[in-house]
2 protein chains.
Amino acid sequence: MYFKVSKKDFYNALSVASRAISNFSPLPAFSGIKIEAKEHELVLTGSDSDVSIQTTLQKDEECILEINEMGSIVIEAKYILEIVRKIDADVVEFEMIDGTLTKISGNTAEFKINGMRASEYPAIDFSKPQECFVIKGETLKKVITQTSFATSDKETRPVLTGVNFSCENKTLHCVATDSYRLAKKTVEINEDLNFNITIPSKSLQEVVKTLEDDFDVEVTVNDKKAQFIMKNTILQTRLIDGVYPETNRLIPLEFSYELTIDAQDLLGAIDRASFIKSDGVSVIKFSLSEEECVLSSRSVEVGSSMEVLNSASFTGNSLEISCNGRYVFDALKALNGGLVKFSLCGEMKPFIMQAIDDDSVLQLVLPVRTYA
Amino acid sequence: MYFKVSKKDFYNALSVASRAISNFSPLPAFSGIKIEAKEHELVLTGSDSDVSIQTTLQKDEECILEINEMGSIVIEAKYILEIVRKIDADVVEFEMIDGTLTKISGNTAEFKINGMRASEYPAIDFSKPQECFVIKGETLKKVITQTSFATSDKETRPVLTGVNFSCENKTLHCVATDSYRLAKKTVEINEDLNFNITIPSKSLQEVVKTLEDDFDVEVTVNDKKAQFIMKNTILQTRLIDGVYPETNRLIPLEFSYELTIDAQDLLGAIDRASFIKSDGVSVIKFSLSEEECVLSSRSVEVGSSMEVLNSASFTGNSLEISCNGRYVFDALKALNGGLVKFSLCGEMKPFIMQAIDDDSVLQLVLPVRTYA
């Protein structure tokens, strides 16, 4: 195994593959990156068995790649990244010299690193699932960032730690909930597919980091895995087993109150009150009437805050409703600013938030009871 | 107690005072900032009993300060900082309304925070010690950053956790050592003072953060404490008890070998090899001769590195010397780049590093024995 490759491209590709690697993987081989020098390309693979990333480096106008001897090896990710990032040359020379001992050379700097045999690396099946659709990188990024924050971080109901993607009638519904709040995004796609899968939130975070706005992403799924194919990179993730709860019945359809407010103003007000916590939670109370909308919070230990929401306009009878400030804050952030409409049913009923000019996203929050 | 003050200036002053506050202080009052509204000024005090900072805010062309009622209160530092940083107005209103309940108002946002009585805050003696000299902020910053990194982080010999400042014949000697390396800076001052004190490294870090390059700092010391007086701020620190070791005899005066090298080149080479660790330490070996200077490192687990130091020139018989790479790296950083001269006595003798064009700083490192 012997090749030369542009430092910058090699480093970028190693970074992409290393994203799948976890520091806590029980299998030693999974702390490494598998590097395969094929006839005309370098294939780099990283995995923690839940998520696997394979990226391919080819020679092009900008990327020097000269493969003199094919072969494969696994090198500890943190070492190879460190070496290639800091090496003193624009072109890196990579050579297996004795068993698994690998020489990586720059200009005057030269490293000899103990690798692992590629045969010790678990076989990962990168075959492409049947169901397949194409989505813009930018849109996929929105789908993920506008929903995944609402997934649960507790393992008590594993299915809630993922985002549910269900597709029918050329419409993709993406839902996340931790049972106290819910985020839902709806996107039209070109294919008439039929699936219902739940993808771990953690895997979707890696998709966001890997994808580029301007490029299309091919998404392929079956009942075992999902693949995101972006340019030269395949990100593959396991799915979460279990039936995702039927969430549509949770979303109210009729409302008695409506609040319209500038998202930035409300974000500022919630942020200002966020240090007033009881038992680690910042509970905010909206006191809403057609005359005045006030946001307040109170904690026996810290004190209280009170703020008139000048940009708010409210229709309906007077209403007091309390909820976790963090949930409203996250939901507003996901709506990307601008004017936001709150539709409410009552003091102890879930309420929904939507951007005035974009009904593809819906954010729902459950209120809490306060005795203040 | 009732005053109005510019948000920006109030926030900056609170930040300065809060630097002295530790999250681990056993005394609850020390988690707060004492705010005193006097006739024409606000005085803010923060302390963790080892370090105390007092800063004074006065009305000037840029800072609005309107004190309508004098008084004093202690407010939890993290709350008051959070409130003032995020408040929705350029001028903050501050009013004690009931016992220790304090109202802080912006434009529409209003907070009521439970404070503590100023009488519960420990009395801190800010009286000025006798021995006094003036030093440029820029120079003091250099004194601290070029030495304090070499202090010990272990409490086994407390005196080594500080930087020793000794003064005689209008010369200030500043020394730090953890017994494996030593940093020494010498500065001329205008006063003929005589003292020998050791200041905790932690306190000096706070001095660096507080001081501004272009302003003079008045340094005053006695055998109990040191004060750094910068514009409107006094930073006062306890000293470390105990006799500081006599370090001059550790610094060799005669040398058999000399290595001159570009600091940036060597920093790069050490940095590249820094991931090759044995028992958590990256040991580097210099193989020096008049023909070629080579830096190498080796670990049974990871592998090895080797690099020819092209910018090096060496005089003397051939020499191999090994040491902790981190120590040489830190020392080179403290010398601020450029050409550096290593003066060496032998394989197991301490060596010193100095910038070619600045002999006010000396860095010493002890070699280690290797069996590779």
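Residues numbered from 1 in each chain as written. Chains lettered and ligands numbered in written order. Predicted model: local features only at pLDDT ≥ 70, side-chain atom pairs only at ≥ 80, totals over all residues. Heavy atoms only, no water.

**Section: the overall build of chain A**
Short version of the rule: Helix and strand assignments follow DSSP, with helices taken as H or I runs no shorter than four residues and strands as E runs no shorter than two, numbered in order from the N terminus. By definition in these notes, contact holds between two residues if any of their heavy atoms fall within 4.5 Å. Calculation of accessible area relied on Shrake-Rupley with a 1.4 Å probe; when residues are assessed, cover is drawn exclusively from the protein chains displayed.
Per the secondary structure count, chain A includes 6 helices and 27 strands. Across its three principal axes, chain A shows a C-alpha extent of roughly 80 × 50 × 40 Å. Put simply, of all contacts in chain A between residues at least 6 apart along the chain, 66% involve residues at least 24 apart. Of the roughly 17,600 Å² of accessible surface on chain A, 45% is carried by carbon and sulfur atoms.

**Side note on unusual backbone geometry**
Residue and element names in this part refer to chain A. Spelled out, the test is: Any residue under 20% of the maximum accessible area for its type is buried, any over 50% is exposed, and the rest in between are partly exposed; the area is computed with a 1.4 Å probe on protein chains only.
In this structure, serine 179 is a non-glycine residue whose phi angle is positive, near 80°. For serine 179, the position within the fold is in the loop between strand 13 (171-177) and strand 14 (181-188). A relative accessible area of 40% means that serine 179 is categorised as partly exposed.

**Description of the interface of chain B and chain A**
Condition: Values labelled buried area give the accessible surface lost by two parts on being combined, using a 1.4 Å probe and summing over both. For salt bridges, the criterion is a side-chain nitrogen of Lys or Arg within 4 Å of an Asp or Glu carboxyl oxygen. Here a polar contact is taken to be a pair of N or O atoms separated by no more than 3.5 Å, where protein atoms must pair a possible hydrogen donor with a possible acceptor and residues adjacent in sequence count only if both atoms sit in side chains. Side-chain classes are defined by residue name, with Ala, Val, Leu, Ile, Met, Phe, Trp, Tyr, Cys and Pro counting as nonpolar, Asp, Glu, Lys and Arg as charged, and the others, Gly among them, as polar.
The interface of chain B with chain A comprises 29 residues on the first partner and 29 residues on the second. Buried area between chain B and chain A, summed over both chains or domains, comes out near 2,500 Å², and the portion from carbon and sulfur atoms is 53%. For the chain B face of the interface with chain A, the top three residues by lost area are B:Lys86, B:Arg272 and B:Phe275, together amounting to 25%. A:Lys86 is paired through a salt bridge with B:Asp271; the nearest N and O atoms lie 2.8 Å apart. The tally of links between chain B and chain A comes to 16 residue pairs in polar contact (both at pLDDT 80 or more). Secondary-structure elements contributing two or more residues to the side of chain B that touches chain A are helix 2 (77-86), strand 9 (109-114), helix 5 (263-273) and strand 22 (303-308) of chain B. Looking at the side of chain B that touches chain A residue by residue, the class counts come to 13 nonpolar, 7 polar and 9 charged.

**Here's the deal with the UniProt feature "domain: DNA polymerase III beta sliding clamp N-terminal" (unreviewed entry) in chain A**
To keep it simple, the criterion reads: UniProt positions are given in the numbering used here, feature names are shortened, and annotations may be inferred rather than shown by experiment.
Cross-referencing UniProt, the feature "domain: DNA polymerase III beta sliding clamp N-terminal" (unreviewed entry) maps to residues 1-125 of chain A in the present numbering. Across residues 1-125 of chain A one finds 18% helix and 46% strand; the C-alpha atoms that close the span lie 24 Å apart.

**Some words on helix 2 (residues 77-86) of chain A**
Counting buried positions along helix 2 of chain A gives 8 out of 10 residues, so the element sits mostly inside the fold. For helix 2 of chain A, every residue scored as buried is listed here: A:Ala77, A:Tyr79, A:Ile80, A:Leu81, A:Glu82, A:Ile83, A:Val84 and A:Lys86.

**Concerning the domain arrangement of chain A**
Residues and elements named next belong to chain A. Short version of the rule: How far each domain reaches was decided by an automatic or database domain assignment.
Split into domains, chain A comes out as domain 1 (2-120), domain 2 (134-227 + 241-248) and domain 3 (252-365). Taking the mean C-alpha position of each, domain 1 and domain 2 sit 31 Å from one another. Each side of the interface is counted separately: domain 1 has 4 residues, and domain 2 has 5 residues. When domain 1 packs against domain 2, close to 440 Å² is buried across both sides, 53% of that on carbon and sulfur atoms. Applying the counting rule to domain 1 against domain 2 returns 1 salt bridge. One salt bridge connects lysine 202 with aspartate 48, and the closest N-O pair in it is separated by 3.3 Å. Classifying every residue of the side of domain 1 that touches domain 2 gives 2 nonpolar, no polar and 2 charged.

**A short note on the UniProt feature "domain: DNA polymerase III beta sliding clamp C-terminal" (unreviewed entry) in chain A**
Under the feature "domain: DNA polymerase III beta sliding clamp C-terminal" (unreviewed entry), the UniProt entry names residues 249-369 of chain A. Taken as a whole, residues 249-369 of chain A contains 17% helix and 44% strand, while its terminal C-alpha atoms sit 22 Å from one another.

**Regarding the packing of helix 3 (residues 137-147) of chain B against helix 4 (residues 201-210) of chain B**
Between two packed helices, the angle of one axis relative to the other and the distance separating the axes together describe the packing. Residue and element names in this part refer to chain B. The test is simple: Orientation is described by lines fitted to C-alpha atoms, with helices fitted over the stretch in contact, and by angles between N-to-C directions that extend from 0 to 180 degrees. Note on convention: near helix rotated counterclockwise from far helix by under a right angle means a left-handed crossing. Clockwise means right-handed.
The interhelical angle for the contact between helix 3 and helix 4, taken along N-to-C directions, is 145°, at an axis separation of 10 Å. Note that helix 3 runs across helix 4; the crossing there is left-handed. Taking contact as the criterion, the partners of Leu140, Lys141 and Ile144 in helix 3 are, on helix 4, Leu204, Val207 and Val208. Of the residues that constitute the contact of helix 3 with helix 4, the class distribution is 5 nonpolar, no polar and 1 charged.

**A short note on the pattern of salt bridges**
Applying the stated rule across the entire model yields 31 salt bridges over all chains. Salt-bridge contacts for B:Asp178 lead to B:Arg181; the nearest nitrogen and oxygen are separated by 3.2 Å. By relative accessible area, B:Arg181 is classed as buried at 10%. Within the structure, one salt-bridge network assembled from shared partners comprises A:Glu82, A:Arg85, A:Lys86 and B:Asp271.

**A closer look at the side chain of A:Ser105**
Along the chain, A:Ser105 turns up in strand 8 (residues 101-105). Apart from the residues lying within four places of it in its own chain, the contact partners of A:Ser105 are A:Ile87, A:Val91, A:Val92, A:Glu93 and A:Glu110.

**So, the sheet that holds strand 3 (residues 41-47) of chain B**
Residue and element names in this part refer to chain B. Formally: Here a strand pair is declared whenever DSSP counts at least two bridges between the two strands.
With respect to topology, 9 strands assemble into an open sheet ordered 10-6-2-3-4-18-17-16-11, the strand pairing being antiparallel. Sheet topology places strand 10 (116-117) and strand 11 (131-136) at the edges, where each strand pairs with a single neighbour. Where strand 3 and strand 4 (residues 51-58) come together, 7 bridges link them in antiparallel fashion. Bridged to glycine 46 within strand 4 is isoleucine 53. Each of strand 2 (32-37), strand 3, strand 4 and strand 18 (233-238) touches helix 1 (residues 7-18); the most contacted strand, strand 4, lies at about 165° to it. Along the sheet, helix 4 contacts strand 4, strand 17 (225-230) and strand 18; its crossing angle with strand 18, the most-contacted strand, is approximately 170°.

**Looking at the packing of aromatic side chains**
All names here are of chain A. The cut-off we apply is this: Note on aromatic contacts: the rings of Phe and Tyr and the six-membered ring of Trp form a pair at centre separations within 6.5 Å, being stacked when their planes are under 30 degrees apart, edge-to-face when over 60 apart, and tilted otherwise.
With the rule as written, the count across this model stands at 20 aromatic pairs over all chains. Look at phenylalanine 10 and phenylalanine 94: their rings are 6.2 Å apart centre to centre, the planes differ by 85°, and that puts the pair in the edge-to-face class. In this pair, phenylalanine 10 sits in helix 1 (residues 7-18) while phenylalanine 94 sits in strand 7 (residues 91-98), placing the two residues 84 residues apart along the sequence. The burial state of phenylalanine 10 is the same as that of phenylalanine 94; both residues are buried.

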